[in-house]
Amino acid sequence: MFKSDTILTLEEKTVRIERLFNAPIQLVWEVWTNPLHIEKWWGPKNFTNPTVEFDFKVGGSYRIVMRSPEGVDYPIIGKFLEITPFQSFVISDLVDEHPDEWVAEVQKMAGVTGDREILNSKLRVLFEEIDGKTKVVLLTEFASNQIRDGFASSGMKEGWSESFEKLETNALPKANEIYIEKKMNHSQELIFNTLSNPLTIDLWWGPSGFKTTTKSMDFRIGGKWIFTMVGPDGTIYPNVIEYKEIRKFDYLEYSHGSGDTNKKDDFLAKIFLIAFGENQTVVKMQLTFSDTNVRNAVIGFGAIESGQQTLSKLDQFLNQK
């Protein structure tokens, strides 16, 4: 079984932490930048994240509330300063809302006094793919080496190590799977009915720039949806979906392929519609492939981005209704 240790080293005013993950860079990037995934792993062991607000764009804000097993909240806030897709992002890390007791303890460890703002930092997260695995490097920049040392001795390595263990266990999919998730401000029933409507599905299905044309849709267990997608360059992609399980209004399961039996390119798709209140639903797509190599190949072709774009187009379509 793959196992990687968390490595901490000290640089000028900076704590460097790195870890290797057994997954392609697109998957690791996804679990670092999608708030639905972040809430599954952020923070030390037994901490939860009741609030994850993540406006992932330059200038956008974030707020993550970590809650300890004792019920104490540790909110961190900041802004996104730089974003280079699949390579890096930089955030300010502000302790403005942290408990006074925590501030006093860290200041004591660092041997500093004064306003809590002196504990604010900047976090640079770097991603590098190495032979199908992904190295993540965290560079946390502090106001001084003294404060750097105080944080380093306060359990940074242990906290991040536990977070990374949660990331691998709770957020990263199995070696032959892909997870794509999106929260929408629409009811579970409306989303389900839109996924099953042959009259409107062509208006939104598929990645950006693709045109979908349905030949036939028999929405029942054992039924098939036969359609083509035409890419921006004019390439035609035949598609056949066969429904394996349908459960109103929260679950769909189907095999999806080109329809060419010689290609053996079918994969299994499961769509979970998880309702949160009357008009809020998390759409979770779980795609299972024959093996890790096939999964990694379709990721390389842009499967995650295509799935995200399809869900975004569904959301936009429903916003117009």
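Residues numbered from 1 in each chain as written. Predicted model: local features only at pLDDT ≥ 70, side-chain atom pairs only at ≥ 80, totals over all residues. Heavy atoms only, no water.

Draft legend 1. Quick peek at the packing of helix 6 (residues 188-195) against helix 8 (residues 303-319). As a packed pair, helix 6 and helix 8 sit with axes 11 Å apart at the nearest point and diverge in direction by 110°. Overall, the two elements helix 6 and helix 8 adopt an arrangement that is roughly perpendicular. Relative to helix 8, the crossing made by helix 6 is right-handed. Along its contact with helix 6, which presents Leu190, Ile191 and Thr194, the element helix 8 presents Leu314, Phe317 and Leu318. Along the lines of polarity and charge, the residues of the contact of helix 6 with helix 8 split into five nonpolar, one polar and no charged. (Axes fitted to C-alpha atoms, helices over the stretch in contact; angles between N-to-C directions. Helix = DSSP H or I, 4+ residues; strand = E, 2+ residues; numbered from the N terminus. Parallel < 35°, antiparallel > 145°, perpendicular 65-115°, else oblique. Left-handed = near helix turned anticlockwise from the far one by under 90°. Contact = heavy atoms within 4.5 Å. Nonpolar A, V, L, I, M, F, W, Y, C, P; charged D, E, K, R; others polar.)

Draft legend 2. Helix 7 (residues 292-300), seen in detail. The distance from a side-chain oxygen at the start of helix 7 to the backbone nitrogen of Asn293 is 3.0 Å, and the residue carrying that oxygen is Asp291. Once helix 7 ends, the next one or two residues include Gly302, with phi positive near 100°. (Polar contact = N/O pair within 3.5 Å; in protein donor to acceptor, adjacent residues only side chain to side chain.)

Draft legend 3. Structural view of the sheet that holds strand 11 (residues 224-230). Read across the sheet, seven strands follow the order 9-15-14-13-12-11-10 without closing on themselves; strand pairing throughout is antiparallel. At either end of the open sheet lies a strand with only one pairing partner, and these are strand 9 (177-184) and strand 10 (211-217). Sheet twist, expressed as the mean angle between neighbouring strand axes with direction ignored, is 25°. Inspection of the sheet shows strand 12 (residues 236-247) paired to strand 13 (residues 251-257) by seven bridges, in the antiparallel sense. Across the sheet, Ile246 pairs through a bridge with Leu252, a residue of strand 13. Contacting strand 9 and strand 15 (281-288), helix 8 runs over the sheet at an angle of about 25° to strand 9. (Pairing = 2+ DSSP bridges.)

Draft legend 4. Spotlight on the packing of aromatic side chains. For the coordinates displayed, the defined rule picks out 36 aromatic pairs. Ring geometry for Phe47 versus Tyr74: centroids 6.2 Å apart, planes at 45°, classification tilted. Here the residue Phe47 occupies a position in the loop between helix 2 (35-41) and strand 3 (48-54), and Tyr74 occupies one in strand 5 (residues 73-84), the gap between them amounting to 27 residues. Look at Phe210 and Tyr237: their rings are 5.9 Å apart centre to centre, the planes differ by 40°, and that puts the pair in the tilted class. Within this pair, whereas Phe210 is found in the loop between helix 6 and strand 10, its partner Tyr237 is found in strand 12, the two being separated by 27 residues in sequence. Judged by its relative accessible area of 24%, Phe210 is partly exposed. Assessed through its relative accessible area of 36%, Tyr237 is described here as partly exposed. Over the face of the ring belonging to Tyr179 we find Lys284, whose NZ or CZ atom lies 4.9 Å from the ring centre. Positioned above the aromatic ring of Phe272, the side-chain terminus of Lys284 is 5.9 Å from the ring centre. (Phe/Tyr/Trp six-rings, centres within 6.5 Å; stacked < 30°, edge-to-face > 60°. Buried < 20%, exposed > 50% of the residue type's maximum accessible area, 1.4 Å probe, protein only. Lys NZ or Arg CZ within 6 Å of the ring centre and 35° of its normal.)

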